[in-house]
Amino acid sequence: MSPTDNLFGRLLGRPGALDLGPPAAPGMGLHLQLDQRGHVLSISGSLRMQLAPRVRNEPPPLLRELVCRDSALCIEGHPADWQQQSLDLDFLGLADQVLHTRGWVEPNGDNWALHLLDISDLLGGKRRAQDREQNHQLACQMSEQLRVCSLSRLPEVFNEHLRSLAQRWHIPCVALALLDEEDQGWRVYSGYAAHDAPALWQTGQHLGTCLDSANGNATLRMDTLRGRSDNPRLHSVFGNTEGFLVPYRDGQGVAAWLLCGFYSGQPHTGERDWLNLAAALAAPLLSRLREQRHHQQLERVEALQGLLGTGWWELLPATREIQLAPQLLHSLSLEDGPTRQALAQWLQLIHPADRQALNSRLHDLQALGKPLLTSVRLQRSDADHTPIWYRVQGQMLDGDDSRRWIGFMLDISDIKNQQLETAAAHARLDNLIASSPAVIYVQRYLSGALHPTFFSDSLMPLLGWTLAECNHDSLASLIHPDDRDLYFERSRQLLREGTVRSRYRVRDKQGHYHWLLDEAKLLRDDLGLPVEAVGLWLDVTDATLAAEQIKQSEERYRILVEDSPAMICRYRPDLTLTFGNTPLANHLERSPADLQGLNLGHWLSDEQRQAFVQRINQLTPEFPVSTAEISLELPGREHAWWVWSDRGVFDEHGTLLEVQAVGRDNSEVRRSQQQLTQSAKMATLGEMATGLAHEINQPLNVMRMAIVNVLKRLSNGTADAAYLTEKLQRIDAQVQRAARVVDHMRVFGRRSEIEQQLFDPSQAVHGTLSLLSDSLKAKGVELRIVPTDFTVQVKGYVDQLEQVLINLMVNARDALLSHREKHPQLQPWIALHCEHDRCHVRIWVEDNAGGIDPRLLERIFEPFFTTKPIGVGTGLGLSVSYGIVENMGGRLSVANAEEGARFCVELPVMGG
Ligand code: ADP
């Protein structure tokens, strides 16, 4: 062992080291000669010059007095006692510094030699080691706490550590600045200031990029960063105060700065300690913040996935499985399923139409690393036909030691369905444009002229021309010669006014002309110069021709209406005329122009007008037409009879707006009908002449007998006044009877009234019987009359109803008489009775003449149908009767009863 080893062994305080070795080389260290009692005899050695001059030059006599007070304690007694001990002695050194030494005594003759070596470094190192140990412990503690505390308490815990740091090193202001990722500057994450120190830094304070300049230093030299004047850029951080800053570096460079203000550092805390401290604070903090960011990111991603109906997936080729994000499971309605499932099973979710394609792409992704991007539909079990679309995107991640195949699925049903709808709409539109009669065109403006540069596909189906065939030079020649001027004017107007609308004919390939409606707009550039014209050709051939036809047919109808022999007019519901043609005007003895505004009611009797208005009011949109025969009082004429047909015109609410009417003058027909009725009546009268002669003869006979008897009495002088009176009264009664018959005949022979009247039908029955009963009885025909015990009112002409009844009874009589010729034992009778219900009154005329041959039943109402010999029957009786009853709104019918024909006159009841 070398003396140096021994020396270090001693210095390190190893036990037993003192027995070993000779004294240290003279000259090194401090050597003191001591006497037996501990008096200093001499001082030598290199360390001597390290002693304070005072001590060096005039050393006190005793060693105990020479050393510092603490050391004096360990040298109680005399040098002989100190043998075998390691002596740590402190001396007063230069500049009031303490010189730490360690040494031992050894006998030197009678005296003692004390050898001492400088152990200042050794002690300083030990203290530093202790400090470092403490610092390390503190750092570990802080790191640990920062690592384990909850994220929400992280700022608080961190600030706490800053505070303990500040207190331990007596730093008035401490802060930690982190790189702010958003704006790439530095920002104070947390700051602490002692209560008596001004707060240099606030939490959240933005420090800009000035700290970047310090960033370049490979290792921190605290002293170079100390103070404002050293680094002008740090002035903005520290202001005018002393301070320093400690970086924390990670893989990317400086990630945090620990800022210490109002502080110049302590010698026993070294640069490395500060770096460690800064790292102990910043590293866990940054990792926790990263964790927090990661966590937030994850939450955001999860929320996003949930909101978008999207989620990630990862292929696990080793197990042929796929792993799905929980959100994806949810949106695929697989909540209950496992997040990992067999790929084949998962593919079953995809619509069969897309399944194979997806599978092959997944395979390409896995085998070739080919990125995957496709849209697929889901297989749906329900009957809903709107497909659910997913966009599937995937890629291969090449890690250092592993590969991953990751992607996401996004519900794009809305977009996809919209796309499909848009595509369909586009297709429809294209199709529509191509197949519609509209042609869209573009004409380019070239030095004053418009050159066709585009036609939509619909040009071909419409005209059969291509763009080349429809160019600027040939277009004009395709236009109908009559319309060319129009076309040129159209182009001029388009250039002049910017828009135009015109209509002209263009020839198609077959040589047919089409009417085209042309609407064009001129587009100009920024300078207002024409660039091109965009326009539309619409084939309006059909419409144009139809319009022309309508015009023509309108003209035809106008002529028809004007020239028609029929009366045509339009009038409002209050009967005010809005139009009337010439025939109507002629009848009313006005000019057609004057008719407008006149009221039709003016020519109607009150009763007729009332009936007319009532009829018009019954028109409905469902039954808008009504026909009637109306009677008018025309100027200077007898009554006119018009067959009048009205058609109502209604609005959408069913309100009658106006009436269109067509009329025909039926007066002549009506008059002939009347004449016919009259003739038939006269014929009836003629036929009844025999009966009537009997009717008149009867009273005449009675009177004659009376007169003969009176004359006889007068001649034989037996005629007294009473007798005469009685005979004269009888004669008077017979005169009255004859007068009644004649009167009635006169009434019956008269023409019917113009207007129908209300009357009691039994009047007609009485009239008939008064004319016929006697003559029938004379012919041996029994009359079976059931007296009526009611009165009702019917509307019509009493004489005409009487005529009908006479006809029926005369026919019955004739049938009975001819029947009796074949059956002499026949007891002929005619029965007549009336009945009524709420709506109708019925008059029955029945006989026992054997009835009518069923084959003739249908024909007997025909005019001129008769079975009677020529010159006897007219065949008009029943036909006229039928007309009369019908005219009164009733019905004449016949049936064969048990013994003969039974006729029925049925009339509507108008009142009780
Ligand atoms: P006419 O009496 O002039 O022949 P009508 O029109 O009155 O004309 O009668 C037509 C025909 O109807 C008659 O010719 C007759 O054949 C038949 N007829 C009418 N009434 C009767 C009746 N009560 N019984 C049988 N036949 C009848």
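Source: prediction; values computed, not measured.

J.: Explanation requested: the packing of aromatic side chains in the structure shown.
T.: The final tally for this structure, using the stated rule, is 11 aromatic pairs. Through successive ring pairs, a cluster of aromatic residues spans Tyr-441, Phe-455 and Trp-537. The ring centre of Trp-169 lies 4.7 Å from the NZ or CZ of Arg-168, which sits over that ring. The lysine or arginine in question, Arg-713, covers the ring of Tyr-723, its NZ or CZ lying 3.8 Å from the ring centre.

J.: Help me understand the confidence of the model for the chain, please; the structure alone is not making it clear to me.
T.: Interpretation of the predicted coordinates at a detailed level should be avoided for regions scoring low in pLDDT. Chain-level statistics for the chain give a pLDDT mean of 84 and a share of 91% at 70 or above. Counting contacts from residues 1-24, a segment whose pLDDT is below 50, to residues more than four positions away or on other chains yields 32 contacts. Taken as a whole, residues 216-229 scores under 50 in pLDDT and shows 33 contacts with residues more than four places along the chain or in a different chain.

J.: Could you clarify how one ought to interpret the pairing of strand E26 (residues 656-665) in this entry?
T.: It is a general feature of regular strands that their side chains alternate between the two faces of the sheet. Taken together, the five bridges between strand E22 (residues 567-571) and E26 define a ladder with antiparallel strand orientation. What sits directly across from Cys-569, in E26, is Ala-661. Sheet analysis places strand E25 (residues 639-650) next to E26, joined by nine bridges and oriented antiparallel. Counterpart to Ser-645 in the pairing with E26 is Val-662. Here E25 hands over to E26 after five residues, with Gly-654 in that stretch at a positive phi of 85°.

J.: What should I look at first to understand the site of the ligand in this one?
T.: The environment of the ligand is formed by 18 residues, the closest being Asn-811, Asp-847, Thr-866, Thr-867 and Lys-868. Within the side chain of Lys-868, an N or O atom sits 2.6 Å from an oxygen atom of the ligand. Take Gly-875: an N or O atom from its main chain is 2.9 Å from an oxygen atom of the ligand. In the complex, the protein chains occlude 93% of the 530 Å² of accessible area that the ligand would expose alone. Cavity membership is defined here by more than half of the atoms lying within 2 Å of grid points; on that basis the ligand lies in the largest pocket. Elements represented by at least two residues in the shell around the ligand include exactly helix H26 (798-822), helix H27 (877-887) and strand E33 (901-908). If you tally residues by element for the shell around the ligand, the top one is H26, at three residues. Among the residues making up the shell around the ligand, the classes are represented as eight nonpolar, eight polar and two charged.

J.: In this structure, what is going on with the pattern of salt bridges? I would like to understand it.
T.: Pairing between side chains of opposite charge can happen when their charged atoms approach one another. All chains considered together, the criterion is met by 35 salt bridges. Across the pair Lys-370 and Asp-364 runs a salt bridge, and its minimum N-O distance is 3.9 Å. Among the salt bridges present, the one from Lys-509 reaches Glu-469, with a minimum N-O distance of 3.0 Å. Residue Lys-509 is located in the loop between strand E19 (499-507) and strand E20 (513-524), and its partner Glu-469 is located in the loop between helix H15 (459-463) and helix H16 (472-478); the two are separated by 40 residues in the primary sequence.

Rules of the game
Per chain, the residues get numbers from 1 upward, laid out in the order the sequence is written. Confidence filtering applies because this is a predicted model: local features only for residues at pLDDT of at least 70, side-chain atom pairs given and counted only at 80 or more, and all residues used for totals across whole chains, interfaces and linings. Each side-chain value is worked out from all heavy atoms of the structure, with water and hydrogens disregarded. What counts as a ring pair is set by centres within 6.5 Å for rings of Phe, Tyr and Trp (its six-membered ring), and what kind of pair is set by the plane angle: stacked under 30 degrees, edge-to-face over 60, tilted for all other angles. Criterion for a charge above a ring: Arg CZ or Lys NZ at most 6 Å from the ring centre, at most 35 degrees from the ring normal. The score called pLDDT rates the predictor's confidence residue by residue, from a low of 0 to a high of 100. Only heavy atoms matter for contacts: two residues are in contact if any of them lie within 4.5 Å across the pair. Strand pairing requires that DSSP identify at least two bridges connecting the strands. In this description a helix means any DSSP run of H or I spanning at least four residues, a strand means any run of E spanning at least two, and both kinds are numbered starting from the N terminus. Think of it this way: one heavy atom of a residue within 4 Å of a molecule or strand is enough to make that residue near it. Distance and chemistry together define a polar contact, namely a pair of N or O atoms within 3.5 Å, with one atom able to donate a hydrogen and the other to accept it when in protein, and with adjacent residues in sequence counting only for side-chain atoms on both sides. Computed by Shrake-Rupley with a 1.4 Å probe, the accessible areas treat only the displayed protein chains as cover when residues are assessed. Grid points spaced at 1 Å over the protein atoms alone were grouped into cavities, where a 1.4 Å probe fits but cannot get out, and pockets, open sets with protein on both sides within 12 Å along at least five of seven lines, with lining residues defined by an atom within 4 Å of a point. Each molecule is checked against the cavity or pocket grid, and it sits inside if more than half of its atoms lie within 2 Å of the grid points. Residues are grouped as follows: Ala, Val, Leu, Ile, Met, Phe, Trp, Tyr, Cys and Pro are nonpolar; Asp, Glu, Lys and Arg are charged; all remaining types, including Gly, are polar. By salt bridge we mean one thing: a side-chain nitrogen of Lys or Arg within 4 Å of a carboxyl oxygen of Asp or Glu.

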